[in-house]
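Chain and residue survey
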Amino acid sequence: MKAIRRFTVRPVLPDTLRPLADLARNLRWSWHEPTRELFETVDPEVLRAADGDPVRALGSIGAGRLAALAADQDFLARLREAAEDLDRYLTEPRWYQRQPGEPPAAIAYFSPEFGVTAALPQYSGGLGILAGDHLKAASDLGVPLVGVGLLYRHGYFRQSLSRDGWQQEHYPVLDPGELPVALLREPDGSPARVTLALPGGRSLHAHIWTAQVGRVPLLMLDSDVEENAPGEREVTDRLYGGGSEHRLLQEMLLGIGGVRAVRTYTRLTGTPAPEVFHTNEGHAGFLGLERIRELGCQGLDFDTALELVRAGTVFTTHTPVPAGIDRFDRALVARHLGEDGALPGVDTGRILALGDETALGGEPGVFNMAAMGLRLARRANGVSTLHGAVSRAMFAGLWPGFDPEELPLTSITNGVHAPTWTAPEVARLGPDAGDRELWELRRTLRGRLVTDVRRRVRESWRQRGAAAAELGWTDTVLDPDVLTIGFARRVPSYKRLTLMLRDKDRLRALLLHPERPVQLVVAGKAHPRDDGGKKLVRELVRFADDPRVRHRIVFLPDYGMGMARGLYPGCDVWLNNPLRPLEACGTSGMKAALNGCLNLSVLDGWWDEWFEPDFGWAIPTADGAAALDEDRRDDLEAAALYELIENRVAPRFYDRGPDGVPAGWTAMVRRTLTDLGPKVLADRMVREYVERLYAPAAADQRALGPDTARELAAWKARVRAAWPKVSVDHVEVGDDLEEADAELGATPAVRVRVALGDLGPEDVEVQAVTGRVDADDRLLDARTSVLKPAGGPDLEGRIPYAGALSLDRTGPFGCTVRVLPAHPSLVHPAELGLVALPTETTGEGAGLLMR
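On a plain count of helices and strands, the chain comes out with 27 helices and 27 strands. Relative to the globule expectation of 29 Å for 851 residues, the C-alpha radius of gyration of the chain, 30 Å, shows essentially globular dimensions. For the chain, the spread of C-alpha atoms along the principal axes amounts to about 95 × 70 × 50 Å. Expressed as a percentage of its 851 residues, the buried residues of the chain come to 56%. In the chain, once contacts between residues fewer than 6 apart in sequence are set aside, the share between residues at least 24 apart is 73%. Accessible surface computed for the chain: about 34,100 Å², of which carbon and sulfur atoms make up 51%. If the 101 positive side-chain charges of the chain are averaged to one point and the 120 negative ones to another, these points end up 5 Å apart.

The next subject is a negative patch on the surface. On the surface, a cluster of negative charge is contributed by E81, E84, D87 and E92. Secondary-structure assignment places E84 in helix α6 (residues 73–91).

Here the focus is the side chain of S139. By secondary structure assignment, the location of S139 is in helix α7 (residues 126–141). By relative accessible area, S139 is classed as buried at 0%. For S139, the residues in contact, after removing those within four places along its chain, are W31, Y89, R94, V213, G214, R215 and V216.

The next thing to look at is the nonpolar core. Generally speaking, a soluble globular protein has its nonpolar side chains buried in company with each other. Among the nonpolar cores identified, the biggest contains 92 residues, and F110, M252, F286, L337 and V819 are the most heavily contacted of them. When residues of this core are assigned to their parent elements, the largest contribution, 10 residues, is made by helix α9 (residues 244–269). Apart from the residues lying within four places of it in its own chain, the contact partners of L337 are M252, I256, F286, L289, A342, L343 and I351. Grouped together as the second largest cluster of nonpolar side chains are 48 residues, L511, A526, I553 and V573 included.

Turning to the pairing of strand β25 (residues 799–804), a few remarks are in order. Regular strands have side chains that alternate between both faces of the sheet. For strand β22 (residues 749–755) and β25, the ladder comprises six bridges, and the chain directions are antiparallel. Residue V752 lies in a different strand from β25, and its bridge partner there is Y801. Pairing of strand β24 (residues 779–789) with β25, which is carried by two bridges, proceeds in the antiparallel orientation. By the bridge assignment, P789 is partnered in β25 with Y801.

Before going further, it helps to spend a moment on the environment of P793. By the element assignment, P793 lies in the loop between β24 and β25. Relative accessible area serves as the criterion here: at 57%, P793 is assigned to the exposed category. Distance from P793 to R753, taken between C-alpha atoms, is 8.9 Å for residues 40 residues apart in sequence. Discounting residues that sit within four places of it in the chain, P793 has contacts with R798 and I799.

On to the packing of aromatic side chains. One pass over the structure, following the stated rule, counts 17 aromatic pairs. Taking 5.8 Å as the distance between ring centres and 35° as the angle between the ring planes, the aromatic pair formed by W617 and W665 counts as tilted. Residue W617 is located in strand β20 (residues 616–619), and its partner W665 is located in helix α26 (residues 663–676); the two are separated by 48 residues in the primary sequence. Look at W617 and you get buried, because its relative accessible area is 5%. Assessed through its relative accessible area of 0%, W665 is described here as buried.

With that settled, consider the pattern of salt bridges. Enumeration over the complete set of coordinates arrives at 71 salt bridges. For D700, the salt bridge identified is with R379, shortest N-O distance 2.8 Å. A residue pair is termed long-range when its members are at least 10 positions apart, and D700 in helix α27 (residues 682–722) and R379 in strand β13 (residues 379–382) qualify at 321 residues. Residue class for D700 comes out buried when judged on its relative accessible area of 17%. Ionic contacts of the salt-bridge type, sharing partners, join the residues E307, R310, R378, R379, D700, K716 and E831 into one network.

Across the sheet, which stays open at both edges, the six strands sit in the order β17-β16-β15-β18-β19-β20 with parallel pairing between neighbours. Edge strands, defined here as strands with exactly one partner in the open sheet, are β17 (553–556) and β20. Neighbouring strand axes in the sheet, compared pairwise and without regard to direction, differ in orientation by 20° on average. Strand direction decides the pairing type here: strand β18 (residues 573–576) and strand β19 (residues 598–602), joined by four bridges, are parallel. When the sheet's bridge partners are listed, N576 is paired in β19 with S601.

A few words on helix α10 (residues 287–297). Burial analysis of α10 places eight of its 11 residues in the buried class, which makes it a mostly covered element. If you check which residues of α10 are buried, you get L287, G288, L289, E290, R291, I292, E294 and L295. Positive backbone phi, at 100°, marks G299, one or two positions downstream of α10.

Bringing the packing of helix α19 (residues 504–511) against helix α25 (residues 630–654) into the picture now. Two elements in contact, α19 and α25, have axes separated by 11 Å at closest approach and are oriented at 15°. Looking at the two axes, α19 sits roughly parallel to α25. When the axes of α19 and α25 are compared, the crossing they make is left-handed. On the side of α19, the interface is formed by R506, L507 and L510, while α25 contributes A639, Y642, E643, I645 and E646.

Let's shift gears to helix α15 (residues 385–394). The buried count for α15 comes to seven of 10 residues, which makes it a mostly enclosed element. Taken together, the buried positions of α15 are L386, H387, G388, V390, S391, R392 and M394. Each element contacted by the buried residues of α15 is listed here: β13, β14 (410–411) and α23 (605–610).

Before going further, it helps to spend a moment on the environment of Q159. Its place among the elements puts Q159 in strand β3 (residues 158–161). Relative accessible area serves as the criterion here: at 3%, Q159 is assigned to the buried category. Along the backbone, Q159 and P528 are 369 residues apart, and their C-alpha atoms lie at a distance of 9.6 Å. When sequence neighbours within four positions are dropped, the list of residues in contact with Q159 reads Q167, Q168, G524, K525, A526, F555, P557, D558 and Y559. Within the structure, the side chain of Q159 is placed 2.8 Å from the side chain of Q167, a separation counted as a polar contact. Only 2.9 Å separates the side chain of Q159 from the backbone oxygen of G524, close enough to count as a polar contact.

This next bit is on unusual backbone geometry. Each neighbour pair has its own omega, and for R580 with P581 the value is 5°, a cis peptide bond. Within the secondary structure, P581 is located in the loop between β18 and α22 (588–594). Even without a glycine there, the phi angle at E281 is positive, about 75°. Inspection of the secondary structure assignment puts E281 in the loop between β9 (276–280) and α10. We classify E281 as buried; its relative accessible area is 8%. Phi at R496 takes a positive value of approximately 55°, unusual for a residue other than glycine. Residue classification places R496 among the buried positions, given a relative accessible area of 6%.

Conventions we followed
- Residues numbered from 1 in each chain as written.
- Predicted model: local features only at pLDDT ≥ 70, side-chain atom pairs only at ≥ 80, totals over all residues.
- Heavy atoms only, no water.
- Helix = DSSP H or I, 4+ residues; strand = E, 2+ residues; numbered from the N terminus.
- Rg over C-alpha atoms; globule rule 2.2 N^0.38 Å.
- Buried < 20%, exposed > 50% of the residue type's maximum accessible area, 1.4 Å probe, protein only.
- Contact = heavy atoms within 4.5 Å.
- Areas by Shrake-Rupley, 256 points an atom, 1.4 Å probe, with all protein chains shown as cover.
- Lys, Arg positive; Asp, Glu negative; His and termini not counted.
- Charge placed at Lys NZ, Arg CZ, Asp CG, Glu CD.
- Patch = residues over 30% accessible without salt bridge, like charges linked within 9 Å, V, L, I, M, F, W, Y side chains within 5 Å.
- Salt bridge = Lys/Arg side-chain N within 4 Å of Asp/Glu carboxyl O.
- Core = buried A, V, L, I, M, F, W, Y, C linked by side-chain atoms within 4.5 Å.
- Pairing = 2+ DSSP bridges.
- Phe/Tyr/Trp six-rings, centres within 6.5 Å; stacked < 30°, edge-to-face > 60°.
- Axes fitted to C-alpha atoms, helices over the stretch in contact; angles between N-to-C directions.
- Parallel < 35°, antiparallel > 145°, perpendicular 65-115°, else oblique.
- Left-handed = near helix turned anticlockwise from the far one by under 90°.
- Polar contact = N/O pair within 3.5 Å; in protein donor to acceptor, adjacent residues only side chain to side chain.

Purely geometric numbers; function is a separate question.
In structure tokens:
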């Protein structure tokens with residue numbers, strides 16, 4: 001028989017053991033080693049059976065064991081110490097509380113997935129893990145963050161393999177009663193909930209579950225509510241599942257419902273209302289529309305509300321390709337957000353204009369979530385320096401007339417949470433550890449990985465139908481003394497899981513080298529609807545199944561946080577070979593580095609930014625014509641990879657001194673730990689968000705206010721209407737300056753006449769732009785100087801402006817003049833995407849070149 005309803009029976013803890021429940025419910029245990037060790041002593045077998053989740057473990061401990069613990073004075077003393085330590089962590093001032101000025105009272109951080117711990121499987125890959133690390137680092141720093149996401153009843157899929165190596169997906173049901181979450185309730189004890197109106201008089205209801213991530217609450221909306229119709233009940237069934245309408249409903253619930261959940265949470269708990277809203281990728285972008293609706297209910301018009309919302313919004317993009325952006329049919333969006341939908345009272349035409357992608361060269365019938373996210377945020381960023389540049393080029397159409405490097409889209413390089421990802425033995429390693437101590441630790445961690453891999457390989461083969469009698473070979477899988485390379489990540493095509501298989505004979509020779517063998521540990525999930533990715537997995541698995549090499553290369557199914565925590569410390573080298581520049585950041589290599597694992601990677605994402613030869617190796621990438629031919633590109637880059645492993649990586653690993661220690665290798669490990677490690681920390685990342693984005697956004701939000709926002713919106717409308725008549729009519733540089741006369745240190749005068757139409761000088765800034773020029777006369781490393789009015793208008797109404805150039809660099813040099821809108825409340829000169837430049841037909845007006 002099958003149960004028609006599922007629920008969890010919780011144990012009644014003796015009063016002296018009640019702090020165990022508090023420690024288990026706060027996910028700080030997932031990164032706090034002393035708390036994990038305490039739970040290990042409660043009942044090691046039960047904890048292992050619960051996959052390390054103390055919430056589940058406490059529900060399975062027998063009454064006899066609980067009674068014994070309640071009488072164990074040593075255990076009770078440790079329990080009191082752990083409870084007091086958690087209380088201090090939650091209440092004492094930390095880094096954020098010592099910041100000058102008035103930083104934001106609270107920040108709401110929205111993400112479609114959060115990878116906090118394997119015990120709360122609400123993530124698919126890097127985006128979710130990054131979001132989880134963001135919350136944990138914010139907690140450690142005392143940043144008053146409130147996380148907002150969805151609670152998926154099936155999470156992301158569990159992966160196994162068929163007999164022939166094809167990926168299979170399984171969706172186990174997650175019972176919130178067995179998860180480290182609590183239902184948010186109203187004062188009368190009823191579940192708090194949010195409701196969205198849907199077309200046709202339907203409603204989407206959602207409960208709010210809370211997880212406590214240290215000091216940071218994480219709110220997760222759950223549509224599995226009895227009042228919902230079956231279709232609405234399944235909105236939060238699984239992460240990234242369903243078709244276009246299902247995905248739209250998820251993102252409406254995340255953005256619109258998420259804001260309403262935050263309002264409910266602050267009402268019930270007294271937590272300060274967020275001053276800043278951070279959208280982690282475009283999935284949550286509808287939050288800005290809900291905030292516009294809220295302000296409309298307070299009597300503000302759309303444009304005024306838009307300015308207020310933009311001032312306090314931060315948008316982070318994680319995708320380097322247009323194909324990675326969520327896009328919906330405009331008619332579908334209009335139907336769900338119109339008067340008969342979730343946002344009554346908000347002009348549907350204005351909503352659709354925010355998501356219009358035609359400025360990006362897109363399709364007129366498509367609503368682009370990233371375009372909307374950027375238009376709703378004054379501050380936006382990519383997730384590495386290179387990705388920032390890629391994003392500015394990709395979204396340049398939103399700010400026409402500006403060079404990509406000038407656009408209001410900066411970058412903050414991702415980081416990873418060291419206490420989560422660093423092996424305890426590495427964390428305890430002293431700064432004076434010698435080469436032998438380092439090397440012995442590396443071998444210990446490698447040996448631990450080998451033991452875990454053998455167990456996982458046996459389990460995988462049993463799932464694939466193998467009998468125990470045919471699995472004796474698994475006892476010899478991998479070797480704790482062999483150079484171990486790890487490769488684990490999602491399996492989209494651009495990450496090139498199978499680049500290592502480009503020349504199978506050469507790879508086989510590397511794996512079986514008689515003096516310097518190499519072994520590979522590979523893991524990763526393809527999206528359930530990505531048959532191309534599944535074919536890559538099968539190709540890798542079939543190669544790894546070959547009896548000749550299966551002791552040297554393994555594919556481990558069901559990659560997740562639990563597996564990753566052992567992979568990073570146990571590998572000697574972390575491999576990453578994406579198509580450059582399609583890896584926005586690539587944080588797996590950061591986690592490896594925190595454990596003294598050296599990186600072997602294409603110069604992409606964070607590695608492009610921080611690579612040094614002391615930290616690892618850079619895989620050369622094809623360029624020119626070779627980069628345009630996919631097969632030739634992959635052949636060249638695979639050959640470069642084999643060459644590096646064979647001639648540089650393996651020799652360095654196996655070059656042992658008289659004491660058996662590879663001094664060159666341990667030197668690289670030491671530099672990775674001491675010099676690279678501090679750069680890749682999530683603490684550093686969150687501090688940058690606070691200082692560069694959150695605090696300025698909060699200051700803008702406070703300074704703007706409804707009246708100033710209304711004035712700014714009216715000014716923008718007036719400027720946009722008048723801008724077609726703004727022009728640069730005539731430019732003169734120097735009195736009789738010829739190209740040959742330009743000398744270093746000269747300060748030639750520049751004069752220009754500008755037509756402003758219906759605008760006045762107070763509405764604009766006229767700039768001279770100077771810099772070196774390339775072969776096509778494009779200005780490089782441009783610098784600007786402001787020109788001032790130099791008299792009244794002429795008979796044609798043109799206003800003269802004048803200033804001086806500074807010729808402070810030698811070589812080909814040039815200048816031009818431009819007019820930009822100017823207002824005290826603008827954060828960035830490109831904010832309106834308006835600029836007036838000299839035309840090519842006005843002779844000198846096009847600027848001056850000096851060579």
